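Chain by chain, the residues:
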Amino acid sequence: MAVIGIDIGGTKIRMAISDTPTNFLCQSEARISDLGIPISVDVLSNFIREKIKKENIPFSKIQAIGVSVAAVVNRQQGFVKIGENVGWENVPLAKQLEEEFGIPIIVDTDVFCGAAAESTLGNGIDLDNFLYIAIGTGIGHAFVLNREIFRGLHDAASAFGHLKVCIGGAKCYCGQRGCVCQYSSGEGISRLSNEFFKKKVSMKEIVHAYLCGEEWAKQVIKEASDKLALAISQAYTLFDIECVILGGGALSDIYPNLDYLAELLEQMVYPKVRPIILRKGKYGGNSQLVGATLFALDAIS
Ligand SMILES: [Zn+2]
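Note that the coordinates shown come from a computational prediction; the quantities given were computed from them, not determined experimentally.

## What about the sheet that holds strand E1 (residues 2-8)?
Judged by pairing direction, the sheet is mixed, and its 5 strands sit side by side in the order E3-E2-E1-E4-E8 without closing on themselves. The sheet is open, and its two edges are formed by strand E3 (24-31) and strand E8 (105-109), each paired on a single side. On average, each strand axis in the sheet is tilted by 15° relative to the strand beside it, whichever way the strands run. Where E1 lies against strand E4 (residues 62-69), 6 bridges are found, and the strand directions are parallel. In the strand pairing of E4, Gly5 is matched with Gly66.

Following this line, the structure appears as structure tokens:
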């Protein structure tokens, strides 16, 4: 028995075949831009079939597929309402993949998958109420309240990256200005480097320069941290939660240690809701893949 977990993120699509949520028998990935945007369901299906074939796993052994996608999703219907990165709008993804593969398909928002992984198996296992924040190409969040993921009225309670940290700040792809993702995500620090230092550099190049002690990179990372702390502090004060768990593929690159963020939060969070506890997620950049796999296994148990 095995299931497939798929994580469709900001820049990459990753897939794992597993027999438990964390025992990936094999993994593969592709760049989303190589698959074409919007990704057609046919292209996605072919990607899945090719990877299964390559691993010599008979399809009859695959019992369910869990899909994590950076999008607003109606989970019950497996319906993607809007996913800007993949160019999807109103796509009945679960239905289309079910028709293709004939097995249960579960589709959910990437950060909800990540939060479920941390809550069920990871560093949130001992917590009833926490905020999960994933930092990657963009920034997303999920509140776990009374051990349940809080989805919100429109299934869209995941848009931490669009909290405002600056009035009249940088223009965001959401159409507004001053969103924290424009300062504190992987793309955000590239944008900052370009705006303030006229450097067209990738996140990896900035992190390398930071580790080499270059002043401009230190300033970029400081600005990213300041803005991220400002956004986290509002959430902490509003919800009086037990902990913030930070994860996502870019976390360890941009924020290798959380001490500076914790120091800022001590100054910003309403005193009555302290102490402030920040943890790194157990699964880092894999949390969404683990969550998608977990949902697939749940569907057949
Ligand atoms: Zn925005």
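That shown, we press on.
## Some words on the domain arrangement of the chain
As far as domains go, the chain holds domain 1 (2-109 + 286-300) and domain 2 (123-281). Look at where the C-alpha atoms of domain 1 and domain 2 centre, and you get two points 26 Å apart. In this assembly, 12 residues from domain 1 lie in contact with 9 residues from domain 2. Interface area for domain 1 against domain 2, summed over the two sides, is near 720 Å², with a carbon-plus-sulfur share of 43%.

## Structural notes on the coordination of the zinc ion
Between any two of four tetrahedral donors, the ideal angle at the metal is 109.5 degrees; between two of six octahedral donors, it is 90 or 180 degrees. For the zinc ion, the full set of protein donor atoms is His162 (ND1), Cys172 (SG), Cys174 (SG) and Cys179 (SG), at a range of 2.0 to 2.3 Å. Note that the zinc ion binds 4 donor atoms; their angles at the metal cover 105 to 119°, and the shape is tetrahedral.

## Topic: the sheet that holds strand E6 (residues 79-83)
Spatial strand order, E5-E6-E7: 3 strands in an open sheet with antiparallel pairing. Each end of this open sheet is capped by a strand with a single partner; those strands are strand E5 (72-74) and strand E7 (88-91). Taking each pair of neighbouring strands and ignoring which way they run, the sheet shows an average axis angle of 15°. Across 3 bridges, E6 lies against E7 in antiparallel orientation. Along E7, the bridge assignment pairs Gly83 with Trp88.

## Regarding the nonpolar core
Core analysis: the largest hydrophobic core is formed by 45 residues, its most contacted members being Ile133, Ile135, Phe160, Ile232, Val244, Leu246 and Tyr255. With 11 residues, the top contributor of residues to this core is helix H8 (residues 215-239). Once residues lying within four places of it in the same chain are set aside, the contact partners of Ile133 are Ile139, Gly140, His141, Phe160, Ile232, Val244, Ile245, Leu246 and Gly247.

## Some remarks on helix H3 (residues 93-101)
Count 3.6 residues to each turn of an α-helix, and residues three or four apart come out pointing the same way. Residues Leu93, Ala94, Leu97 and Phe101 constitute the buried set of H3. The arc enclosing the buried residues of H3, seen along the axis, measures out at 90°, which places them on a common side. Away from its buried face, by an angle of more than 90 degrees, H3 presents the exposed residues Lys95 and Glu99. Looking at the buried side of H3, the elements it contacts are helix H2 (41-54), E4, E6, E7 and E8. Positive phi shows up at Gly102, right after H3, with a value of about 70°.

What counts, and where the lines are drawn
Residues numbered from 1 in each chain as written. Predicted model: local features only at pLDDT ≥ 70, side-chain atom pairs only at ≥ 80, totals over all residues. Heavy atoms only, no water. Pairing = 2+ DSSP bridges. Helix = DSSP H or I, 4+ residues; strand = E, 2+ residues; numbered from the N terminus. Axes fitted to C-alpha atoms, helices over the stretch in contact; angles between N-to-C directions. Domains from an automatic or database assignment. Contact = heavy atoms within 4.5 Å. Buried area = accessible area lost by both parts, 1.4 Å probe. Donors = N, O, S within 2.8 Å, 3.2 Å for Na, K, Ca; no water. Tetrahedral: all angles 85-135°; square planar, octahedral: opposite > 155°, others 65-115°. Core = buried A, V, L, I, M, F, W, Y, C linked by side-chain atoms within 4.5 Å. Buried < 20%, exposed > 50% of the residue type's maximum accessible area, 1.4 Å probe, protein only. Arc of directions from axis to C-beta.

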